[in-house]
Amino acid sequence: MEHFPEFVANHLFLFTLLIAILALLIWSFLGSNVGGIPQVGPAEATRLVNRENARMLDVRPLDDFNQGHIINALNLPASETETASKKFDKYKQKPVIIYCNTGMESVRVARTLKNEGFENLYILKGGMQSWRNANLPVTREESEKESA
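Sequence order as written defines the numbering, with residues in each chain counted from 1. Whole-chain, interface and lining totals are the exception, using all residues; otherwise, since this is a predicted model, local features are given only for residues with pLDDT of at least 70 and side-chain atom pairs are given and counted only at 80 or more. Hydrogens and water molecules were not included; the side-chain quantities draw on all heavy atoms of the structure.

Caption draft 1: Inspection of the pattern of salt bridges at higher detail. Every case where a carboxyl oxygen of Asp or Glu lies within 4 Å of a side-chain nitrogen of Lys or Arg is listed as a salt bridge. For the structure shown, the criterion picks out five salt bridges. Across the pair Asp58 and Arg60 runs a salt bridge, and its minimum N-O distance is 2.7 Å. Of the charged contacts, one joins Arg108 and Glu105 as a salt bridge, the two residues approaching to 2.8 Å between their closest N and O atoms. With Arg108 and Glu105 both in helix α6 (residues 104-115), this residue pair falls three residues apart, about one helical turn. Where helices and strands are cited, they refer to DSSP runs of H or I of at least four residues and of E of at least two residues respectively, numbered from the N terminus.

Printed below as a string of structure tokens:
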């Protein structure tokens, strides 16, 4: 242990890299519950939709949504979250599962909606890619229209 400071001084780059990798691993393990918003896999999302009447909220751009989305999903493009989220106020008390392509954009939208009073939010872990990888159904039909 007496040679540890000397080792660190001689291998500063490697030691810094080790610390960075450890920090990323810790963040990865603790990041599964992002800001108090749980992430669910496709199987759990299906259970929430079937048993708790959860709504799927697709935050991808409209073009991506029209190319294929989860059945009965509502579309709220992430770029319009700040201005258009008021029309989804009737879902504030209901479970809402937010998804994008990979699950990264969903986090930002979920935080915004949580700040606006949505209580039962979930993020689809892995987004639309994980849904498709699980071979779950996708449709190109229009979702039901929401009135503003």
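Past the structure itself, the notes keep going.
Caption draft 2: Just the nonpolar core, in detail. The nonpolar core is taken to be a set of buried Ala, Val, Leu, Ile, Met, Phe, Trp, Tyr and Cys residues, with the residues joined through side-chain atoms within 4.5 Å. Under the scheme applied here, a residue whose accessible area is under 20% of the maximum for its type counts as buried, over 50% as exposed, and between as partly exposed, the area being computed with a 1.4 Å probe on protein chains only. In this structure, Leu57, Val59, Phe88, Ile98, Leu113 and Leu121 are the most contacted members of the largest nonpolar core, which totals 19 residues. Mapped by element, the contributors of at least two residues to this core are β6 (96-99), α6 and β7 (121-124). Top contributing element to this core by residue count: α6, with four residues. Ranked by size, the runner-up nonpolar core spans 14 residues in total, among them Ala45, Phe65, Ile97 and Met128.

Caption draft 3: Focus on the packing of aromatic side chains. Only rings of Phe, Tyr and Trp enter the pairing, Trp through its six-membered ring, and a pair is recorded when the two centres are within 6.5 Å. The plane angle decides the type: under 30 degrees is stacked, over 60 is edge-to-face, the rest tilted. Applying the stated criterion across every chain yields a total of two aromatic pairs. When the ring of Phe4 is compared with that of Phe15, the centres are 5.8 Å apart and the planes differ by 75°; the resulting orientation is edge-to-face. A residue pair is termed long-range when its members are at least 10 positions apart, and Phe4 in helix α1 (residues 4-10) and Phe15 in helix α2 (residues 12-30) qualify at 11 residues. Under the relative-accessibility criterion, Phe15 is labelled partly exposed at 23%. Aromatic pair Phe88 and Tyr91: ring centres 6.5 Å apart, planes at 35°, arrangement tilted. Assessed through its relative accessible area of 5%, Tyr91 is described here as buried.

Caption draft 4: Focus on a nonpolar patch on the surface. Exposure above 30% relative accessible area and the absence of a salt bridge qualify a residue for a patch, where like charges join within 9 Å and nonpolar side chains (Val, Leu, Ile, Met, Phe, Trp, Tyr) within 5 Å. Residue exposure ignores everything except the shown protein chains as possible cover, and the areas themselves are Shrake-Rupley values with a 1.4 Å probe. A cluster of nonpolar side chains, contributed by Phe13, Leu14, Leu17, Leu18, Ile19, Ile21, Leu22 and Leu25, occupies part of the molecular surface with about 770 Å² of accessible area. With respect to the secondary-structure elements, Ile19 resides in helix α2. Residue classification places Ile19 among the partly exposed residues on the basis of a relative accessible area of 44%.

Caption draft 5: Region of the structure containing the pairing of strand β3 (residues 55-58). The two faces of β3 match: Arg55 and Leu57 on one face and Met56 and Asp58 on the other face are all buried. Two strands pair under a simple rule: DSSP has to find at least two bridges between them. With four bridges joining them, β3 and β6 adopt parallel strand pairing. Across the sheet, residue Leu57 finds its bridge partner in β6, namely Ile98. Taken together, the two bridges between β3 and strand β5 (residues 74-75) define a ladder with parallel strand orientation. Across the sheet, Asp58 pairs through a bridge with Asn75, a residue of β5.

Caption draft 6: Focus on the side chain of Arg55. By secondary structure assignment, the location of Arg55 is in strand β3. For Arg55, a relative accessible area of 15% puts it in the buried group. Pairing of N or O atoms within 3.5 Å defines a polar contact, subject to two protein rules: one partner must be a possible hydrogen donor and the other a possible acceptor, and residues neighboring in sequence count only if both atoms are side-chain atoms. A distance of 3.0 Å separates the side chain of Arg55 from the backbone oxygen of Asn72, its partner in a polar contact.

Caption draft 7: Fine view of helix α3 (residues 42-52). Restricting attention to buried positions, one finds in α3 the residues Pro42, Ala45 and Leu48. What you see down the axis of α3 is that its buried residues fit within an arc of 120°, all on one side. Summarising the geometry of α3, the exposed residues directed more than 90 degrees from the buried face are Ala43, Asn50 and Arg51. The inward-facing, buried residues of α3 contact β2 (37-40), β6, β7 and α7 (127-133). The positive-phi residue at the C-terminal boundary of α3 is Asn53, with phi of around 60°. Along the arc lie the directions from the helix axis toward the C-beta atoms. By definition in these notes, contact holds between two residues if any of their heavy atoms fall within 4.5 Å.

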